Amino acid sequence: MKRMWPICLAALLLCACGPADVPPESSIGYGSEESSAQSNEETQPSLSGRLKPEILAYQEMTYEEFLQSGGEEAEFYHGGEYLAALPELNAEIVFLGTYDKETGTYSLPGTAKPRRLQGTVKDFFAETPLEVPEKTFAQAFAKQNHAVSSWEEGGGSAYYIADLYLRLEWAVGSDEAAAVLDVALDDSGYIRPDTLCWLTWPE
């Protein structure tokens, strides 16, 4: 019996301290993935689908007004289009010239209005997450601008932004004319800050 009491004493000590040595669930990883995801979402800017006001300001600007505001002279691009840089937006503006049947050439009058702007998602949008699924991007823009979205295929020429692109159309003013935003797509299914965009206004 004298030999048994140390063993009993040791067993009692183990029972007394055992539960206190087990770490709580939160300290062994339970819920850590959810907390990490929430943390990442908080560090990412939200996606509202809002275009920058300075982008929209070019819609009614004539070529003459563009030059008077300090814009550089547009150069002939192709198909009657003239191109000029917008350094402050890291984008380009495209004007549509007029065709002279007698001379068979195009010219760019001061009354010409922009046909489109060419840039990237980070240049056009107020908020630009690192990447977002193309469907999520389309839904956010459609909700903000009452736009209709569609997925289109290009013709492999300069008249299309890409071989595959997202097209978003929404009404401008009270008439039926629609502004169009084309966003280039790739096989990843995601849209990123450097993804190309064309914003085209009705002629």
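Look above for the structure.
Below is a short write-up of the structure. Note that the coordinates shown come from a computational prediction; the quantities given were computed from them, not determined experimentally. (Residues numbered from 1 in each chain as written. Predicted model: local features only at pLDDT ≥ 70, side-chain atom pairs only at ≥ 80, totals over all residues. Heavy atoms only, no water.)

1. Observations concerning the nonpolar core
By size, the foremost hydrophobic cluster in this structure holds 37 residues, and its most contacted members are Tyr58, Phe66, Phe124, Phe137 and Leu181. If you list the elements that add at least two residues to this core, you get helix H4 (63–68), strand S2 (81–86), strand S3 (91–96), helix H5 (121–124), helix H6 (134–145), strand S9 (164–171), strand S10 (178–184) and strand S12 (196–200). The residues touching Leu181, leaving out its near neighbours within four places in the chain, are Phe124, Phe125, Phe141, Leu166, Arg167, Leu168, Trp170, Cys197, Trp198 and Leu199. Grouped together as the second largest cluster of nonpolar side chains are 5 residues, Ile161, Ala162, Tyr165 and Trp198 included. (Core = buried A, V, L, I, M, F, W, Y, C linked by side-chain atoms within 4.5 Å. Buried < 20%, exposed > 50% of the residue type's maximum accessible area, 1.4 Å probe, protein only. Helix = DSSP H or I, 4+ residues; strand = E, 2+ residues; numbered from the N terminus. Contact = heavy atoms within 4.5 Å.)

2. A word on the pattern of salt bridges
Scanning all chains against the criterion turns up 7 salt bridges. Between Asp182 and Arg167 there is a salt bridge whose closest N-O contact spans 2.8 Å. Taken as a pair, Asp182 in strand S10 and Arg167 in strand S9 lie far apart in primary sequence, 15 residues in all. Salt bridges here are not isolated pairs; linked through shared partners, they connect Glu81, Arg115 and Arg116. (Salt bridge = Lys/Arg side-chain N within 4 Å of Asp/Glu carboxyl O.)

3. With respect to a nonpolar patch on the surface
A grouping of Phe76, Tyr99 and Tyr106 is seen on the molecular surface, where their side chains present a nonpolar patch of about 330 Å² in accessible area. Here Phe76 lies in strand S1 (residues 75–78). (Patch = residues over 30% accessible without salt bridge, like charges linked within 9 Å, V, L, I, M, F, W, Y side chains within 5 Å. Areas by Shrake-Rupley, 256 points an atom, 1.4 Å probe, with all protein chains shown as cover.)

4. Let's talk about H6
In this model H6 runs 16 Å from its N-terminal to its C-terminal C-alpha over 12 residues, within 8% of the 16 Å that 1.5 Å per residue would give. Within the span of H6, buried status applies to Glu134, Phe137, Ala138, Ala140, Phe141, Ala142 and Asn145. Considering only its buried residues, H6 is in contact with H5, strand S7 (132–133), strand S8 (148–153), S9, S10 and strand S11 (190–191). Of the residues one or two after H6, His146 is the one with positive phi, at around 55°. (Expected span 1.5 Å × (residues − 1).)

5. Here we look at the sheet that holds S10
Sheet strands line up and pair through hydrogen bonds in the backbone, either parallel or antiparallel. If you walk across this open sheet you meet the 8 strands as S1-S2-S3-S6-S12-S10-S9-S8, and the pairing is antiparallel. Both outer strands of the open sheet, S1 and S8, are each paired with one neighbouring strand and no more. Within the sheet, the average angular offset between the axes of one strand and its neighbour, ignoring direction, is 25°. With 6 bridges connecting them, S8 and S9 associate as antiparallel partners. Across the sheet, residue Glu153 finds its bridge partner in S9, namely Leu164. (Pairing = 2+ DSSP bridges. Axes fitted to C-alpha atoms, helices over the stretch in contact; angles between N-to-C directions.)

6. Section: the packing of aromatic side chains
Under the definition given, this model contains 10 aromatic pairs. With 5.1 Å between their ring centres and 70° between their planes, Phe141 and Trp170 make a pair best called edge-to-face. Residue Phe141 is found in helix H6, and its partner Trp170 is found in strand S9; the two are separated by 29 residues along the sequence. Counting every residue linked through ring pairs, the aromatic cluster contains Phe76, Tyr82, Tyr99 and Tyr106. Above the face of the Trp198 ring, Arg116 is positioned so that its terminal group lies 4.2 Å from the ring centre. (Phe/Tyr/Trp six-rings, centres within 6.5 Å; stacked < 30°, edge-to-face > 60°. Lys NZ or Arg CZ within 6 Å of the ring centre and 35° of its normal.)

7. Quick look at the environment of Leu51
Within the secondary structure layout, Leu51 lies in the loop between helix H2 (32–43) and helix H3 (53–56). As a C-alpha pair, Leu51 and Phe124 span 73 residues in sequence and 5.7 Å in three-dimensional space. If sequence neighbours within four positions are ignored, Leu51 has contacts with Leu56, Phe124, Phe125, Phe141, Trp170 and Leu199.

Interpretation note: all reported values are geometric properties and have no functional meaning in isolation.
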